[in-house]
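Here is what each chain is made of, one letter per residue.
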Amino acid sequence: MRLFTDHGYDAVTVADVAEAAGVSAMTVYRHFPTKEDLVLIDQPAQLIAEHVAASSAAQPLVRRVGSALIDAATNWTGGNGDEQAANERFLLDCLRLMVSTPALRARHLDSQYALQQAIVDALGDDATGPDAAFRAQAATSACIAAMHTALTRWVEDNGHTKLPDLIARALTASFGDDAVATRRKG
């Protein structure tokens, strides 16, 4: 990440990363199939989907999905003291690169689509039938768009506001006060 932030994403090669890590380029490719994989945080789609699946079907779809996204952001930026600061700084650096690099933005969009599909699949019986599936896809897509808006604001804000709070605010701005289980201050 230091190489990318210091020299720019396009100027750094996988060979440069391998040299800095003291390994071969082949070793890097074994763990990161593409250069983009070195930067993009693999959203824990499975964990988010499991959280959605475990939530009460009596809750509105937006609240079920939004709560899972807020919890994921809490995990991404969590930790105690120095660990929390390091987690936030690392995520912030990744997101800065994603916002400023077209190839990373395109891969991020792909990951958002995969996340949407994982969440809709996790809704199971709640998303069967064409109308229910469409509602689930629309609600999930809108929640992910709200999260993306919060991620972008977090980068612009240089991480000064807590990311889970920004996501909650984006969900509330999009869907109203009932979108999140507990009204968060931000």
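Residues numbered from 1 in each chain as written. Predicted model: local features only at pLDDT ≥ 70, side-chain atom pairs only at ≥ 80, totals over all residues. Heavy atoms only, no water.

As annotated in an unreviewed UniProt entry, the protein is TetR/AcrR family transcriptional regulator from Streptomyces anthocyanicus.

Tallied over the full model, the rule gives one aromatic pair. Residues Phe4 and Tyr9 carry aromatic rings whose centres are separated by 5.1 Å and whose planes lie at 40° to one another, so their mutual orientation is tilted. The class for Phe4 is buried, based on a relative accessible area of 3%. Lying across the ring of Tyr9, Lys35 places its NZ or CZ 4.3 Å from the centre. (Phe/Tyr/Trp six-rings, centres within 6.5 Å; stacked < 30°, edge-to-face > 60°. Buried < 20%, exposed > 50% of the residue type's maximum accessible area, 1.4 Å probe, protein only. Lys NZ or Arg CZ within 6 Å of the ring centre and 35° of its normal.)

A few words on the environment of Pro164. Note on placement: Pro164 falls in helix α9 (residues 163–175). Residues Pro164 and Cys143, spaced 21 residues apart in sequence, show a C-alpha to C-alpha distance of 13 Å. (Helix = DSSP H or I, 4+ residues; strand = E, 2+ residues; numbered from the N terminus.)

Another point: the pattern of salt bridges. Within the structure shown, the criterion is met by four salt bridges. With a shortest N-O distance of 2.6 Å, Asp37 and Arg107 are connected by a salt bridge. Pair noted here: Asp37 is in the loop between α3 (25–31) and α4 (45–54) and Arg107 is in helix α7 (residues 102–123), with a separation of 70 residues, a long-range link. Residue Glu156 is joined to Arg153 by a salt bridge in which the shortest nitrogen-to-oxygen separation is 3.6 Å. Of the two residues, Glu156 and Arg153 both sit in helix α8 (residues 130–156), three residues apart, roughly one turn of that helix. What makes Arg153 partly exposed here is its relative accessible area of 45%. (Salt bridge = Lys/Arg side-chain N within 4 Å of Asp/Glu carboxyl O.)

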